[in-house]
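Here are the chains, one letter per residue:
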Amino acid sequence: MAPKKTKEYSNDLREVVIKHYLNGNNEREIAQSVLIPRTSVHYMIQKYKSTKCIGNIIGRGRKRKTTSHTDRNVQRKIKADRQQFVGVLVKSVYTVVARKKPYVSKINRGKRLEYAVTYREKPLGFWNSVLWSEESKFNLFGSDGKIMVWRTTAEEFNPRCTVPTVKHGGGNVKCWGCFSASGVGNLVFIDGNMTGELYRDILQKKLLQSVKKLNMNTDWYFQHDSDSKYRTSIVTNWLDRERMQRLKRPSCSPDINPIEYLWDEMERRMKKHQPKNEKELKDILTRIWYGIEQSVLKKLVHSVPNRLNEVIRTKGYPTRY
């Protein structure tokens, strides 16, 4: 019985097979002579016929994406920042975790396309007259999701490779804000859950102040989320009485709402301060909010046309934004 193949055959054995083949022996005779399966003999002969080579061809297999120098550079950056974004470290690595995007139904894809087609031809001056608003939540400790770090097995409990937690949760702060290309409006901290009544009060007390503060002219537009609590009758009736023009942004569309990226920028800046309690967190968020550069705000607002074109390009599905 021929021995079971557990690894690649040696070049010496392959040379013997090819010599038998060149001497005119058939595959069955060669297999019986060298005590290997006939299929292996057939493979060796076919390879010799096509390549005229007995051993493995040099250069076969997956090529390295990085050099040894690049590997050392990546390791240095990892040790400097354990939560470094992978794209900053190795741009040539293509296999990554799939991005999470909001689910977009067929009906909502149609609404997204309709919105994009309706507004994509608007000039930049139009978007400068839009007041963008939204609420957000900032965690005191850790994150609502997983935090990925770069480490070796020996660094499992290194403080730089762990995320601090507290026994009964670290707490969080909810806030509402608005901004335009000319600056930020009022920042409001929310105690408890947002309701239609609370939202109407925020709009009544803080939204109009923000409009005056930002010198919005009479021809301006208000954008807010399409969540059910923002569409209650008490809110809709107040907006109608104030004759506010609104953008009809479709739901599940954070990629076409620039304030979502303003919140992300605030969180990045907030994490550098490491607040110890909710009061410190509120103080830090307030300083960051009112200290955001106008250039950042203009860049976000002026990206809206590109966002709309991306919605059309993806046929209503989530975009790269």
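Just so it is clear, the structure is predicted and the values come from calculations on it, not from any experiment. (Residues numbered from 1 in each chain as written. Predicted model: local features only at pLDDT ≥ 70, side-chain atom pairs only at ≥ 80, totals over all residues. Heavy atoms only, no water.)

Participant: What is the right way to look at the pattern of salt bridges in this model?
Facilitator: Side chains carrying opposite charge are able to pair once their charged atoms draw close together. Inspection of the entire model under this criterion finds 14 salt bridges. Note that Asp255 is salt-bridged to Arg112, the shortest N-O span being 2.9 Å. Here Asp255 is found in the loop between strand E5 (245-246) and helix H10 (259-271), whereas its partner Arg112 is found in helix H6 (residues 106-119), with 143 residues between them in sequence. An identical accessibility class is assigned to Asp255 and Arg112; each is buried. Salt-bridge contacts for Glu265 lead to Arg269; the nearest nitrogen and oxygen are separated by 2.7 Å. With a gap of 4 residues between them, Glu265 and Arg269 both fall in helix H10, about one helical turn apart. For the pair Glu265 and Arg269, one class covers both residues: buried. (Salt bridge = Lys/Arg side-chain N within 4 Å of Asp/Glu carboxyl O. Helix = DSSP H or I, 4+ residues; strand = E, 2+ residues; numbered from the N terminus. Buried < 20%, exposed > 50% of the residue type's maximum accessible area, 1.4 Å probe, protein only.)

Participant: Where do I start with the sheet that holds E5 in this structure?
Facilitator: Reading across from one edge, E3-E2-E1-E4-E5 is the order of the 5 strands in this open sheet, with mixed pairing throughout. Two strands bound the open sheet, and with one partner strand each, they are strand E3 (183-190) and E5. Pairing geometry for strand E2 (residues 172-180) and E3, over 6 bridges, is antiparallel. What sits directly across from Trp176, in E3, is Val188. The strands that H10 touches are strand E1 (130-139), E2 and E3; relative to E1, the one it contacts most, it runs at about 40 degrees. Sheet contacts for helix H11 (residues 278-290): E1, E2 and E3; angle to E3, the most-contacted strand, approximately 165 degrees. (Pairing = 2+ DSSP bridges. Contact = heavy atoms within 4.5 Å. Axes fitted to C-alpha atoms, helices over the stretch in contact; angles between N-to-C directions.)

Participant: In this structure, what is going on with unusual backbone geometry? I would like to understand it.
Facilitator: Keep in mind that most residues, glycine aside, have a negative phi and that most peptide bonds are trans. Non-glycine residue Arg243 carries a positive phi angle of around 55 degrees. Tracing the sequence through the fold places Arg243 in the loop between helix H9 (233-241) and E5. The phi torsion at Gln274 lies on the positive side, around 50 degrees, for a residue other than glycine. Here Gln274 lies in the loop between H10 and H11.

Participant: Sorry if this is basic, but what is going on with the confidence of the model for the protein chain here?
Facilitator: Caution applies to low-pLDDT regions: their predicted coordinates should not be interpreted in detail. With 81% of its residues at a pLDDT of 70 or more, the protein chain shows a mean pLDDT of 82. Predicted confidence for residues 92-96 stays below pLDDT 50, and this span has 3 contacts to residues more than four positions away or in other chains. (pLDDT = per-residue confidence, 0-100.)

Participant: Would you mind going over the side chain of Ser129 with me for this structure?
Facilitator: Position of Ser129 among the secondary structure elements: in the loop between helix H7 (124-128) and E1. The exposure class of Ser129 is buried, given its relative accessible area of 12%. Leave out the neighbours within four places in its chain, and Ser129 touches Met216, Asp219, Trp220 and Tyr221.

Participant: Whenever I open this one, the pairing of E1 confuses me. Can you help?
Facilitator: Taken residue by residue, a regular strand's side chains alternate between the two faces of the sheet. E1 sits mainly inside the fold: 8 of its 10 residues count as buried. As paired elements, E1 and E2 share 8 bridges and run antiparallel to each other. Along E2, the bridge assignment pairs Asn139 with Asn172.

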